[in-house]
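# Geometric and topological summary
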Protein chains: 2
Amino acid sequence: MAKSIIFWGQILIALHSFAQTECMQWGVFEWSMNASVSGNPFTSVDLSAQFAHNGRTVTVNGFYDGESGFKIRFMPDAAGGWTFTTKSNARELNGKTGRFTCTPAGGDNHGPVRVRNTFDFGYADGTPFYPVGTTCYAWVWQGDERVNQTLETLEESPFNKIRMCVFPKQYDVYIQNEPFCYPFEGSKEDGWDFTRFNPVYFRYFEDKIARLADLGIEADVILFHPYDWGKWGFDSMPAEVNERYLRYLVARIAAYRNVWWSMANEWDCVGSKTVKDWDRLFRILAKKDPYGHPCSMHNGMKWYDHSKPYITHLSVQTTDFFHIQDWRKAFQKPVLIDECVYEGDIPTDWGNLSAEEMTGRFWQVTCRGGYCTHGETYLHPENVLWWSKGGVLHGQSPDRIGFLRLIMEKRPEEGVYPFHNLWNKEMILIKDKEYYLYYYGYTQQKAARLRLPEDVKFKVEVIDTWNMTLTPVEGLFSGNAEIRLPGTPWMAVRAVAADG
Amino acid sequence: MAKSIIFWGQILIALHSFAQTECMQWGVFEWSMNASVSGNPFTSVDLSAQFAHNGRTVTVNGFYDGESGFKIRFMPDAAGGWTFTTKSNARELNGKTGRFTCTPAGGDNHGPVRVRNTFDFGYADGTPFYPVGTTCYAWVWQGDERVNQTLETLEESPFNKIRMCVFPKQYDVYIQNEPFCYPFEGSKEDGWDFTRFNPVYFRYFEDKIARLADLGIEADVILFHPYDWGKWGFDSMPAEVNERYLRYLVARIAAYRNVWWSMANEWDCVGSKTVKDWDRLFRILAKKDPYGHPCSMHNGMKWYDHSKPYITHLSVQTTDFFHIQDWRKAFQKPVLIDECVYEGDIPTDWGNLSAEEMTGRFWQVTCRGGYCTHGETYLHPENVLWWSKGGVLHGQSPDRIGFLRLIMEKRPEEGVYPFHNLWNKEMILIKDKEYYLYYYGYTQQKAARLRLPEDVKFKVEVIDTWNMTLTPVEGLFSGNAEIRLPGTPWMAVRAVAADG
């Protein structure tokens, strides 16, 4: 009798719903079903599913995608057979079951990024991930042509993480254009119906996340930001709208393996929310995201308390690199300098670095044990500044940042830490007895003094970080070694154990 | 009867002692007397004098200058008639009296420097003093020829303060030579008699202070330092020797108006002394110096507590300029960045800045409300590095620092403060509604955005801090003004009220 019920239940699913039968590990499994529900389906329907594999279960929320369609997305983290059962207050959506086969990840799919070794990151498959970020806050909302151009630029760039907003942005003279649609039903003029999301907006947004994933780029998704100033009002929605939006977005995009959460950009400039509001939003996020994506909040003037348990890493705006080692020590988390002024020539103090300085900041941050993020703000006749709109890159730092990325990818995966003492002038990334990466920045010293272990022989290379050359120094070195430098800025030295 | 005694007393003085009858205000008045005393005159004789002028008295200590000669030095701070009476446990030196006329200061004698307006400095005559320091730790002990050369270099330089040690110094390969004599009797080989100073040493030293005074240069006298490493042992003398040395030095040189006290260089690297030891030395200094010369202590890794009452200003070694405004706020004292790495090309991390960077640091520090100090460490075939030995300057920053000094000397004397917010990226020296000095450093912005008061009209000049040009911008400006810049680094902008 029970068997018969299950049989009929399966027929019912086949009639109304669609689910993949296969999904790659760390891919997006999607189940969908049409159902007519009374009332507002965005607010009246609770939908979730419990996925099971080898006795382990994961519960995720579903969402309403418009046109009577409900969806559940899930990122399986292990190959093999998975089953699932839905749960809903809508009878038609409740108790649906299904199964699919998860095939092992392959190709460039290394899984989601996690904190690793306290201060670093790695993909779920064990491959290390060294963040090399850039910033295009509102690139998604610049129209298909620009969006495609931005993706092409990113593909050719060294960047593997991009900071990007969900909501549209306005800022100064540089970005004032409207997105082609909005996240809620209604209009700027007549007001928004905050109880009804516009699925078109979110589908368009998440498609960009998927396309970034295809390029191997992490999407550092900024959930709230202050660059609204009442134009749309998305920076000052009621608390229950913020929370519903957050749950909705998590249900839609958490299954994309390349998602990072940035609760806000310049959180302290969002006047409508208190620290308690942010705390609550973080708790919702932590509860609703079953995958534990990297999660932080970018500061304006004031720091949010990075020691809170749901903060996985520091996302810092600063031009003070001196204390990166202190912050590592204090918070025991990775330090991302997610904004340290951009390469460009605009008049404001946050977008006017030379390429040399932008490159130098990447090296400084790296050799102090942090990770740095790029942005570009060159004046443009049509106001297409990479920092907000994407497009193409004009600056000279990305090539150099790419060169640094190659160097980062050759470092030992574990046991690497920055030199740290109270002077804190020297910038050295170290793995004891194996690896020493010295950065000399804007100094013009004619020699580098290395203090290497006495009992290991090292190969030494002089690195010109600007001209992107690596020049081996003849011989092997141990103990105190003096290496000649050309006496020009932007030099580095790498010493690697000869048998390493 | 009393009159007769006084008469005979005066005769006695005339026979045995010598005193000037005239002394310029803030000059050095010196009284000397030969006396044969039993025992060791350095330790057995207490000698002081009370100077009186218009009902006000000042007590100073005298000192033994060898060859039976005792001296008392005094810096009168007011023109007019002064009298004095000596006091001593040596009968022959006790109760001597005299008088002299203090003539008003003139010429380049502006008196000693004092803290003024909480964060700045001024001479006693009211002339502002903007410290523009350099560093020649052991220049005094390089022989007459080099000493004269150093003084000639200083005369042509922009510097008005020099950091210099009393004791000889050794450091790395760069300075290893011996002074021509030593501060104590005895020898390195056979040991020092710490109870007997060598007056020749101190006379030679104080002569250099006097010659600096003639050039209008403040002598920032470093009383202790760690660069001895057991070579002479002056960094680890017994506590009572340190204290006797301190009292002796104060008695000898405090009357020179251009003296500043730096209790130590890199105090925290002097392993032989605890914070309590330093506290006690400071209390002795504060008690024995009747003039209240500027007084501080330069740090290595750790800061001494600058809030202590005898610390008149911060003497900081750092490359972190970001917090200068915070330190001003916290300590309510002037902030001197007395070491921020030197212009040069040596391999160590403290002496390898380009001239651009050294100049840029001066501007940064200035526009953040501090004062900066120069040093130079270019490799030299005979190891004559300015930083320790003096000689001649090779670098390109001093000319630019001189250009900055001219700009500093045109700032309003009072009411000037640095812009300060939590971002703290912008560097602006401000006097409300009168004066705004913006520094743009290594940025390449194509325009400067000024936020000037709406109700005042300003003349604006673009300053190329490297090429040392001041270019007036046509017109007058108020409110939000955008000023074109060349898009190259090292630019500044000055806005001065048009009726100012």
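## Observations regarding the domain arrangement of chain A
All names here are of chain A. Taken domain by domain, chain A consists of domain 1 (2-103), domain 2 (113-408) and domain 3 (432-497). Each of domain 1 and domain 2 has a C-alpha centre, and the two are 31 Å apart. Counting from both sides, the interface comprises 17 residues of domain 1 and, opposite them, 15 residues of domain 2. Among the elements that line the side of domain 1 that touches domain 2, the one with the most residues is strand S5 (residues 56-64), at 6 residues. Looking at the side of domain 1 that touches domain 2 residue by residue, the classes come out as 8 nonpolar, 6 polar and 3 charged.

## Some remarks on the environment of Cys367(B)
Tracing the chain through its elements places Cys367(B) in helix H8 (residues 355-367). Along the backbone, Cys367(B) and Phe205(B) are 162 residues apart, and their C-alpha atoms lie at a distance of 35 Å.

## Re the relation of the copies chain A and chain B
Of the transformation placing chain A onto chain B, the axial shift is 0.0 Å and the rotation is 180°, giving an RMSD of 0.0 Å. What we have between these two chains is a two-fold relation. Closest approach to the rotation axis within chain A is made by the C-alpha atom of Asp320(A), at a distance of 3.9 Å. Of the residues that chain A buries at the interface, 100% are likewise interface residues in chain B, meaning the two copies contact each other through the same surface.

## Description of the environment of Leu154(A)
All names here are of chain A. Structurally, the position occupied by Leu154 is in helix H3 (residues 144-156). Leu154 sits 112 residues away from Glu266 along the chain, and the two C-alpha atoms are 24 Å apart. If we skip the residues at most four places from it in the chain, Leu154 touches Phe159, Ile162, Leu215 and Ile217.

## A word on the sheet that holds strand S17 (residues 259-264) of chain B
All names here are of chain B. Spatially, 5 strands are ordered S12-S13-S16-S17-S18 in an open sheet, and the strand pairing comes out parallel. In the strand order of this sheet, the two ends are held by strand S12 (133-135) and strand S18 (295-296), each with one partner. Bridge count between S12 and strand S13 (residues 161-165): 3 bridges; the pairing is parallel. By the bridge assignment, Thr134 is partnered in S13 with Ile162.

## Description of the nonpolar core
Counting 138 residues, the largest nonpolar core has Met164(B), Val221(B), Leu223(B) and Met263(B) as the members making the most contacts within it. Residues within four places of Met263(B) in sequence aside, it is in contact with Leu223(B), Phe224(B), Trp278(B), Leu281(B), Phe282(B) and Met297(B). In this structure, Ile162(A), Val270(A), Cys295(A) and Ile407(A) belong to the second largest nonpolar core, which totals 137 residues.

## Description of the packing of helix H8 (residues 355-367) of chain A against helix H10 (residues 397-408) of chain A
Residue and element names in this part refer to chain A. At a minimum axis separation of 9 Å, H8 and H10 run at an interaxial angle of 20°. Of the possible angle classes, the one that applies to H8 and H10 is roughly parallel. When you trace H8 past H10, the crossing you get is right-handed. Across from Ala355, Met358, Thr359, Phe362, Trp363 and Thr366 in H8, the residues of H10 making contact are Ser397, Arg400, Ile401, Leu404 and Met408. The residue inventory of the contact of H8 with H10, partitioned by class, reads 7 nonpolar, 3 polar and 1 charged.

## What about H3(A)?
Residues and elements named next belong to chain A. Between its first and last C-alpha, H3 extends 18 Å over 13 residues, near the 18 Å set by a 1.5 Å rise per residue. Burial in H3 covers these residues: Val147, Thr150 and Leu154. The arc that holds the buried residues of H3, viewed along the axis, is 60°, so those residues lie on one side. Those residues of H3 that are exposed and aimed more than 90 degrees away from the buried face are Asp144, Glu145, Asn148, Glu152 and Glu156. Elements in contact with the buried residues of H3: strand S13 (161-165) and helix H4 (199-214).

## Topic: the interface of chain A and chain B
Contacts between the two partners involve 32 residues from chain A, matched on the other side by 32 residues from chain B. A per-element tally of the side of chain A that touches chain B places strand S27 (residues 447-451) of chain A first, with 3 residues. Its residues assigned to classes, the side of chain A that touches chain B shows 13 nonpolar, 9 polar and 10 charged.

## Section: the packing of helix H5 (residues 239-253) of chain B against helix H6 (residues 275-288) of chain B
All names here are of chain B. Relative to each other, H5 and H6 sit at 25°, their axes nearing to 10 Å. Viewed along their axes, H5 and H6 adopt a mutual orientation that is roughly parallel. Like other packed secondary-structure pairs, H5 and H6 cross with a definite hand, here right-handed. Where H5 approaches H6, its residues Ala239, Asn242, Glu243, Leu246, Arg247 and Val250 are matched on the opposing element by Asp277, Leu281, Ile284, Leu285 and Lys288.

## A short note on the pairing of strand S25 (residues 427-431) of chain A
Residue and element names in this part refer to chain A. The buried fraction of S25 amounts to 4 of the 5 residues, a majority that puts the element mostly inside the structure. When strand S24 (residues 417-418) meets S25, the two strands line up antiparallel, connected through 2 bridges. For Pro418, the partnering residue across the bridge sits in S25 and is Leu429. Relative to strand S26 (residues 435-441), S25 runs antiparallel, the two sharing 5 bridges. Looking at S26, one finds that Ile428 is bridged to Tyr438.

## What to know about the sheet that holds strand S28 (residues 458-464) of chain B
All names here are of chain B. Here 6 strands make up an open sheet; going across it, the order is S24-S25-S26-S31-S28-S29 and the pairing antiparallel. Two strands lie at the open edges of the sheet, namely strand S24 (417-418) and strand S29 (469-477), each paired on one side alone. Across the sheet, H8 lies against S24, strand S25 (427-431), strand S26 (435-441) and strand S31 (491-497), angled at about 140° from S26, the strand it touches most.

## With respect to the environment of Asp220(A)
All names here are of chain A. Here Asp220 is to be found in strand S16 (residues 218-224). Placed 11 residues apart in sequence, Asp220 and Ile209 show a C-alpha to C-alpha distance of 9.5 Å. What Asp220 contacts, discounting residues up to four positions off in sequence, is Gly133, Lys161, Ile162, Arg163, Met164, Trp260 and Ser262.

## Points about the confidence of the model for chain A
All names here are of chain A. Counting all residues, the mean pLDDT for chain A is 95, and 97% of those residues have values of 70 or more. Below pLDDT 50 for its whole length, residues 1-15 participates in 3 contacts with residues either more than four positions away or in separate chains. Prediction confidence for the complex, expressed as pTM and ipTM, is 0.90 and 0.85 respectively.

The rules we used
- Residues numbered from 1 in each chain as written.
- Chains lettered and ligands numbered in written order.
- Predicted model: local features only at pLDDT ≥ 70, side-chain atom pairs only at ≥ 80, totals over all residues.
- Domains from an automatic or database assignment.
- Contact = placed C-beta atoms within 7 Å.
- Helix = DSSP H or I, 4+ residues; strand = E, 2+ residues; numbered from the N terminus.
- Nonpolar A, V, L, I, M, F, W, Y, C, P; charged D, E, K, R; others polar.
- Least-squares fit on C-alpha atoms with pLDDT ≥ 70 in both.
- Pairing = 2+ DSSP bridges.
- Core = buried A, V, L, I, M, F, W, Y, C linked by C-beta atoms within 7 Å.
- Buried ≥ 20, exposed ≤ 12 C-beta atoms within 10 Å, placed from the backbone.
- Axes fitted to C-alpha atoms, helices over the stretch in contact; angles between N-to-C directions.
- Parallel < 35°, antiparallel > 145°, perpendicular 65-115°, else oblique.
- Left-handed = near helix turned anticlockwise from the far one by under 90°.
- Expected span 1.5 Å × (residues − 1).
- Arc of directions from axis to C-beta.
- pLDDT = per-residue confidence, 0-100.

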